[in-house]
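These are the residues of each chain, in order.
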Amino acid sequence: DTGVSQNPRHKITKRGQNVTFRCDPISEHNRLYWYRQTLGQGPEFLTYFQNEAQLEKSRLLSDRFSAERPKGSFSTLEIQRTEQGDSAMYLCASNEGLALSNEQFFGPGTRLTVL
Amino acid sequence: AQSVTQLGSHVSVSEGALVLLRCNYSSSVPPYLFWYVQYPNQGLQLLLKYTSAATLVKGINGFEAEFKKSETSFHLTKPSAHMSDAAEYFCAVSDLVGSSNTGKLIFGQGTTLQVKP
């Protein structure tokens, strides 16, 4: 088991462009979470999947953001018409979801810089 | 709503000294509490968690934390700091109150630990 992986690790884009990030969770983890972390802050929840179903979205997730998890495996997070305020580290986490006390395993994150 | 407050955004200790990182929580239900560590350009790694069993929780790398309901605290300690402990530390609570019961984590703002030789 290689843990949670995220690609790309870094993305630099110009304002107004679209970007897509990918998260590969630990095999057989049915719960997948996306968080956003800005400089000097703790991660903030964006959205949650149980298998392929997106069950919760934070109000931080504007209509420019969309996330998918086809077939309940990997997940993608797309940001359309990026803004400078979108610059942040985007973290993905997964767990087995058997209990809410279960540890979430985090990936290394994708650092987005919007110029 | 549940929340976490970490007192002190930066803590500096000498190598070999006691490490104390403070975390206070707010929750209307018995909480699940976590401490994560983040090294530069890496994801978060779990140090330890409290899930209503023993109030003194031991974690990895010599860290431990004590759950004190009367003080709504879950402070992280380590008897003797090592240079490799320099990192950012986050306290988090599992959201058990939200309508969807997803188990998402609510994080504090983090504490940067500096270890001086």
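Residues numbered from 1 in each chain as written. Chains lettered and ligands numbered in written order. Predicted model: local features only at pLDDT ≥ 70, side-chain atom pairs only at ≥ 80, totals over all residues. Heavy atoms only, no water.

Peer 1: Sorry, what's going on with the interface of chain A and chain B here?
Peer 2: Many descriptions give the size of an interface as the accessible area lost when the pieces come together. If you look at the interface, chain A gives 22 residues, while chain B gives 23 residues. Buried area between chain A and chain B, both sides added, is near 1900 Å², and the carbon and sulfur share of it is 54%. Our count for the chain A to chain B interface comes out at one salt bridge. Residue Glu56 of chain A is joined to Lys104 of chain B by a salt bridge in which the shortest nitrogen-to-oxygen separation is 2.8 Å. Element by element, the count of residues in the side of chain A that touches chain B is highest for strand 4 (residues 31-37) of chain A, at four residues. Here the residues of the side of chain A that touches chain B are counted per class, giving 10 nonpolar, eight polar and four charged. (Contact = heavy atoms within 4.5 Å. Buried area = accessible area lost by both parts, 1.4 Å probe. Salt bridge = Lys/Arg side-chain N within 4 Å of Asp/Glu carboxyl O. Helix = DSSP H or I, 4+ residues; strand = E, 2+ residues; numbered from the N terminus. Nonpolar A, V, L, I, M, F, W, Y, C, P; charged D, E, K, R; others polar.)

Peer 1: Explanation requested: the environment of Met83 of chain B in the structure shown.
Peer 2: Residue and element names in this part refer to chain B. By the secondary structure assignment, Met83 is in the loop between strand 8 (73-78) and strand 9 (87-94). For Met83, a relative accessible area of 35% gives the class partly exposed. For the pair Met83 and Gln114, spaced 31 residues apart in sequence, the C-alpha separation works out to 8.3 Å. Not counting residues within four places of it along the chain, the set of residues in contact with Met83 comprises Glu15, Val115, Lys116 and Pro117. (Buried < 20%, exposed > 50% of the residue type's maximum accessible area, 1.4 Å probe, protein only.)

Peer 1: Can you walk me through the packing of aromatic side chains in this structure?
Peer 2: Working definition: an aromatic ring pair is given by the centre-to-centre distance plus the angle between the planes. Applying the stated rule across the entire model yields 15 aromatic pairs over all chains. Relative to Phe67 of chain B, the ring of Tyr50 of chain B has its centre 4.0 Å away and its plane inclined at 10°; by these criteria the two rings are stacked. In this pair, Tyr50 of chain B sits in strand 5 (residues 44-50) while Phe67 of chain B sits in strand 7 (residues 64-68), placing the two residues 17 residues apart along the sequence. Aromatic pair Phe90 of chain B and Phe107 of chain B: ring centres 6.2 Å apart, planes at 90°, arrangement edge-to-face. Here the residue Phe90 of chain B occupies a position in strand 9, and Phe107 of chain B occupies one in strand 10 (residues 105-107), the gap between them amounting to 17 residues. The buried category is assigned to Phe107 of chain B, whose relative accessible area is 10%. Joined through ring pairs, the aromatic side chains of Tyr33, Tyr35, Phe45, Tyr48 and Phe106 of chain A together with Phe34, Tyr36, Phe90 and Phe107 of chain B make up one cluster. Above the plane of the ring of Phe74 of chain A lies Arg22 of chain A, whose end atom (NZ or CZ) is 3.9 Å from the centre. The ring of Phe45 of chain A has Lys104 of chain B lying over it, and the distance from NZ or CZ to the ring centre is 5.2 Å. (Phe/Tyr/Trp six-rings, centres within 6.5 Å; stacked < 30°, edge-to-face > 60°. Lys NZ or Arg CZ within 6 Å of the ring centre and 35° of its normal.)

Peer 1: Teacher, can you tell me more about the environment of Asn18 of chain A here?
Peer 2: Residues and elements named next belong to chain A. With respect to the helices and strands, Asn18 occurs in the loop between strand 2 (10-13) and strand 3 (19-24). By relative accessible area, which is 46% here, Asn18 ends up partly exposed. Considering only alpha carbons, one finds Asn18 and Thr113, 95 residues apart in sequence, at a separation of 12 Å. In this structure, Asn18 is in contact with Glu78, Ile79, Gln80 and Arg81, ignoring residues within four places of it in sequence. One polar contact links the side chain of Asn18 to the main-chain amide nitrogen of Arg81, over a distance of 2.8 Å. (Polar contact = N/O pair within 3.5 Å; in protein donor to acceptor, adjacent residues only side chain to side chain.)

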